[in-house]
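Overview (structure and organization)
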Amino acid sequence: MKKKIIIPALIVIALLLAGIGYLYVNLDKQKKENEEMQQLAELDKKEMENEYEQFARQYSEMKTQINNDSIVAQLTQEQLKTQQLLKELREVKASDAREITRLKKELATCRAVIRSYVLEIDSLNRLNQNLVAENTRVKGEYEEATRQIESLNVDKASLSEKVAIAAQLDATNIQMLAKKKNGKTTDKMKDCKNIQVNFSIARNVTATNGVKTFYVRITTPSGTVLSNGGTFAYENRQLEYSMKKSVEYGGEETAITTYWNVAEFLQDGTYKVSIFADGHMIGSKSFAFK
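Rules used throughout
Residues numbered from 1 in each chain as written. Predicted model: local features only at pLDDT ≥ 70, side-chain atom pairs only at ≥ 80, totals over all residues. Heavy atoms only, no water. Salt bridge = Lys/Arg side-chain N within 4 Å of Asp/Glu carboxyl O. Helix = DSSP H or I, 4+ residues; strand = E, 2+ residues; numbered from the N terminus. Buried < 20%, exposed > 50% of the residue type's maximum accessible area, 1.4 Å probe, protein only. Core = buried A, V, L, I, M, F, W, Y, C linked by side-chain atoms within 4.5 Å. Contact = heavy atoms within 4.5 Å. Pairing = 2+ DSSP bridges. Axes fitted to C-alpha atoms, helices over the stretch in contact; angles between N-to-C directions. Phe/Tyr/Trp six-rings, centres within 6.5 Å; stacked < 30°, edge-to-face > 60°. Patch = residues over 30% accessible without salt bridge, like charges linked within 9 Å, V, L, I, M, F, W, Y side chains within 5 Å. Areas by Shrake-Rupley, 256 points an atom, 1.4 Å probe, with all protein chains shown as cover. Lys, Arg positive; Asp, Glu negative; His and termini not counted. Charge placed at Lys NZ, Arg CZ, Asp CG, Glu CD. Expected span 1.5 Å × (residues − 1).

1. As for the pattern of salt bridges
Applying the stated criterion across every chain, the model contains four salt bridges. With a closest N to O distance of 2.9 Å, Glu99 and Arg102 form a salt bridge. With Glu99 and Arg102 both in helix H3 (residues 97-137), this residue pair falls three residues apart, about one helical turn. Arg203 is the salt-bridge partner of Glu252, the closest N and O atoms lying 3.1 Å from each other. One end of the pair, Glu252, is in the loop between strand S7 (243-249) and strand S8 (254-261); the other, Arg203, is in the loop between strand S3 (194-201) and strand S4 (210-219), with 49 residues separating them in the sequence. With relative accessibility at 52%, the residue Arg203 sits in the exposed group. Via salt bridges that share partners, Glu88, Glu99 and Arg102 belong to a single interconnected network.

In structure tokens:
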């Protein structure tokens, strides 16, 4: 009678111990994946902070390099706005996706604004050069042209740095489409046989023309990356990418489409698409699937 009771009890205990061990292994794996996602979010936040700080410094430099009260007042206003956004970014947690997304959009706006000032100052500098050429021909106006040259003089090294920042690309209109075997779109990842990611590279006349390689990184709801084994350099480390594509960029808006063939079961949830080029994250967006 005792054996009939003891043996089933031992079996139940063994099953419970096996279940506890399984849960422990899965919890540990999930913890490591969450830590990796947190590290990437912190890197993204740090890069945003660096850009905001750099923009604030550049406004100070530009104010000392131009003698135009109206433009200086505009630069001061934009500098204060940038410093306020930097303060908000430092106070927000990297895990606060909504605030990070908002501040990233504000960063893109700041980049566009400083780009416009770089181009305006560059235009004034070109005007200055034309005045120099003109005044070598018209000696009587030489002194007046010289004063204008001095008031519009912009340090070339500093201008080159600003142009480099203005040349950074922006990925817009990001789309992630899950497609079934027949090519139709679906909102259920269990039916997905192919992932299509579409995006556009915004018009940027200051960017260097030529062949550019764009890396697309898709992060699953569990924090893993849909990877084909390839990596690329970002923030002094190697990151896995899902797809990459090299295209000829000539400064005009360029539409790009990439594909991922699904060879594994994909869970429903929120997927994040991040796009990288020239060592920068140039755009990201999250997509929810049932």
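Having seen it, we continue.
2. Quick notes on the nonpolar core
Core analysis: the biggest nonpolar cluster contains 31 residues, and Ile195, Phe199, Ile201, Phe214, Ile218 and Val273 have the highest contact counts within it. Each residue touching Ile201, except ones within four places of it in the same chain, is listed here: Leu169, Asp170, Ala171, Phe214, Tyr249, Glu252, Glu253, Thr254, Ile256 and Ile282. With 20 residues, the next largest nonpolar core counts Met48, Val92, Ile114 and Tyr117 among its residues.

3. Brief notes about unusual backbone geometry
Glycine aside, residues mostly have negative phi angles, and peptide bonds mostly take the trans form. The backbone phi angle of Asn173 is positive, close to 50 degrees, even though this residue is not glycine. For Asn173, a relative accessible area of 55% gives the class exposed. Positive phi values are uncommon outside glycine, yet Asn236 reaches one of about 60 degrees. With respect to the element layout, Asn236 can be found in the loop between strand S5 (231-234) and strand S6 (237-240). Asn236 sits in the exposed class, given a relative accessible area of 87%.

4. With respect to the sheet that holds strand S1 (residues 171-179)
Here we have four strands laid out as an open sheet, ordered S2-S1-S3-S8, and antiparallel in their pairing. Bordering the open sheet on either side are strand S2 (185-186) and S8, each of which pairs with just one other strand. When S3 meets S8, the two strands line up antiparallel, connected through eight bridges. Within S8, the residue paired with Val197 across the bridge is Thr258.

5. Examining the sheet that holds strand S9 (residues 269-277)
Read across the sheet, four strands follow the order S7-S4-S9-S10 without closing on themselves; strand pairing throughout is antiparallel. The strands lining the two open edges of the sheet, one partner per strand, are S7 and strand S10 (280-289). Taken over all neighbouring pairs, the strand axes of this sheet differ in orientation by 20 degrees on average, direction set aside. Judged from the nine bridges that link them, S9 and S10 form a sheet pairing that is antiparallel. The residue of S10 that forms the bridge with Gly269 is Phe289.

6. Brief notes about the environment of Thr219
Locating Thr219 in the fold gives a position in strand S4. Sequence spacing of Thr219 and Tyr271 is 52 residues, and the spatial spacing of their C-alpha atoms is 5.6 Å. Contacts of Thr219, omitting those with residues within four sequence positions, involve Thr224, Val225, Thr270, Tyr271 and Lys272.

7. Section: the packing of aromatic side chains
A complete count under the given rule lists seven aromatic pairs for this structure. Ring plane angle 85 degrees and centroid distance 5.8 Å describe the contact between Tyr271 and Phe289, whose orientation is recorded as edge-to-face. Residue Tyr271 is located in strand S9, and its partner Phe289 is located in strand S10; the two are separated by 18 residues in the primary sequence.

8. Thoughts on a positive patch on the surface
There is a patch of like positive charges on the surface, built from Lys180, Lys184, Lys188 and Lys190. Mapped onto the elements, Lys190 comes out in the loop between S2 and S3. Look at Lys190 and you get exposed, because its relative accessible area is 55%.

9. Brief notes about helix H2 (residues 69-91)
Its 23 residues place the ends of H2 33 Å apart at the C-alpha level, agreeing with the 33 Å of an ideal helix rising 1.5 Å per residue. Along H2, the residues classified as buried are Ile71, Leu75, Glu78, Gln79, Thr82, Leu85, Leu86 and Leu89.

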